[in-house]
Amino acid sequence: MRSVYNGLKQIAETKAANEEAKRMLGRSPANIQAIRPMKDGVIADFTITEQMLKYFIRKIHESRLFSPNPRIIICVPVGSTQVERRAIRESALGAGARRVYLIEEPMAAAIGAGLPVSEPSANLIVDIGGGTTEVAVISLGGIVTASSCRVAGDEINDAIVAMFKKEFNLDVGDNTAEDVKIQLGSAWPLAEELTADVGGRDVTTGLPRTQEVTTVEIRAAIDGPVSAIIDIVKSTLERTPPELAADVISNGITLSGGGALLTGLTERMIHETGIQTVVADDPLMSVVIGGGLTLENLDAMKGLTAQSDDE
């Protein structure tokens, strides 16, 4: 049996998906394997991704008597290749989709964040997901300048895991690193620095123990990935046409994705770029909301999709 995370899948039977499956990481028995079929925004395992999509389709349509053949819109990294996009599309078709549309993640995030993407005024969106950070300047319903890098939430977690091992000889799991990032992670000094005990396995003795860490130590550990995210924003701004750069200064930067919730990131972004920065109203769901709105209004928004299986 295999469960799927971020689809967590299974060859014989899918046991769980998303958050439920994520909680199985590092805790599952030998007969259950937690798998991430997509990594860095692209497919890592074609077969498992197809099974994951089938699971989601069945879950959504489980009350229906007939086999569903839905239209699906999938958000893809702006830097993904045509080969990667074709693989994603074919996985969805293989899972039973009737029609498949692809939309680039920063465009979906901007729509979901409520930015006026169709107006002749530039808006800069920074979507910090698990595998990739997507940055785009959007105007008149199109992406004018965009950048994508495979540094995001997962790399921040990896930096925390590496820090515990290097500094404290302590092995911690991915879920523990995620919790540490949420509770203690910050991109900017706090008014009051915090301290917490983190549990793991001692590298030397193999026995469980706890280690006291501070927000200062965690901030130093994740500075590399955070700086890389800031750098790609700066790089995008440098390539923005002057007229649109003036719009960005007026309209500011909007952050979306789970990484946008990192404490102090807006302050760090303002300090590094000199541009007012805000977090979207629902950063975790911005891409999903944007994709849904596009699919619901496909005739009006079809030009925003990166690729479709045209009739």
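Predicted, not measured: the structure shown is a model, and the values here were computed from it.

Rules and cut-offs
Residues numbered from 1 in each chain as written. Predicted model: local features only at pLDDT ≥ 70, side-chain atom pairs only at ≥ 80, totals over all residues. Heavy atoms only, no water. Helix = DSSP H or I, 4+ residues; strand = E, 2+ residues; numbered from the N terminus. Buried < 20%, exposed > 50% of the residue type's maximum accessible area, 1.4 Å probe, protein only. Areas by Shrake-Rupley, 256 points an atom, 1.4 Å probe, with all protein chains shown as cover. Pairing = 2+ DSSP bridges. Contact = heavy atoms within 4.5 Å. Phe/Tyr/Trp six-rings, centres within 6.5 Å; stacked < 30°, edge-to-face > 60°. pLDDT = per-residue confidence, 0-100. Salt bridge = Lys/Arg side-chain N within 4 Å of Asp/Glu carboxyl O.

### Topic: the overall build of the chain
From N to C terminus, the chain includes 12 helices and 15 strands. Considering the chain as a whole, with its 311 residues, one finds that 48% of them fall into the buried category. Put simply, the chain shows about 15,100 Å² of open surface, and 51% of that area lies on carbon and sulfur atoms.

### Some words on the sheet that holds strand 10 (residues 170-171)
Spatially, 10-11-12 is the arrangement adopted by the three strands of the open sheet, whose pairing is antiparallel. The strands lining the two open edges of the sheet, one partner per strand, are strand 10 and strand 12 (208-214).

### Some remarks on the environment of Ala97
Structurally, Ala97 can be placed in the loop between helix 3 (82-94) and strand 6 (99-104). Taking the C-alpha atoms as reference points, Ala97 and Asn69, separated by 28 residues in sequence, lie 5.1 Å from one another. Not counting residues within four places of it along the chain, the set of residues in contact with Ala97 comprises Pro70, Ile72 and Ala92.

### Observations regarding the packing of aromatic side chains
For the structure on display, the rule yields two aromatic pairs. Between Tyr55 and Phe56 the ring centres are 6.0 Å apart and the planes differ by 65 degrees, which places this aromatic pair in the edge-to-face class. Residue Tyr55 is classed as buried on the basis of its relative accessible area, which comes to 15%. Exposure remark for Phe56: the relative accessible area of 22% places this residue in the partly exposed category. Between the aromatic rings of Phe164 and Phe168, the centroid separation amounts to 5.8 Å while the plane-to-plane angle is 50 degrees, which identifies the pairing as tilted. In this pair, Phe164 and Phe168 both sit in helix 5 (residues 153-168), four residues apart, roughly one turn of the helix. Take Phe164 and Phe168: they sit in the same class, and that class is buried.

### So, the confidence of the model for the chain
Interpretation of this model should avoid reading the predicted coordinates in detail wherever pLDDT is low. With 83% of its residues at a pLDDT of at least 70, the chain reaches an overall mean of 86. No element of the chain has a lower mean pLDDT than strand 1 (residues 2-4), at 42, and none a higher one than strand 13 (residues 253-256), at 98. The low-confidence segment residues 307-311 (pLDDT under 50) makes 17 contacts with residues lying over four places distant or belonging to another chain.

### Some thoughts on the pairing of strand 7 (residues 123-128)
Burial within strand 7 is extensive, with six of its six residues counted as buried. Here strand 7 shows a buried face lined by Asn123, Ile125 and Asp127 and a second buried face lined by Leu124, Val126 and Ile128. By the bridge criterion, six bridges tie strand 7 to strand 8 (residues 133-139) in an arrangement that is antiparallel. Opposite Ile125, over in strand 8, you have Ala136 as the bridge partner. The hairpin formed by strand 7 and strand 8 contains four residues between the paired strands. Where strand 7 meets strand 13, four bridges bridge the pair, whose relative direction is parallel. Across the sheet, Val126 pairs through a bridge with Leu255, a residue of strand 13.

### Quick word on the pattern of salt bridges
The full count for this structure, using the stated rule, is 10 salt bridges. Across the pair Glu50 and Lys54 runs a salt bridge whose closest N-O atoms are separated by 3.8 Å. In this pair, Glu50 and Lys54 are both assigned in helix 2 (residues 46-60), four residues apart and thus about one turn of the helix distant. Glu50 gets classed as buried once you look at its relative accessible area, which sits at 17%. Here Arg85 and Glu104 are joined by a salt bridge, their closest N and O atoms 3.0 Å apart.

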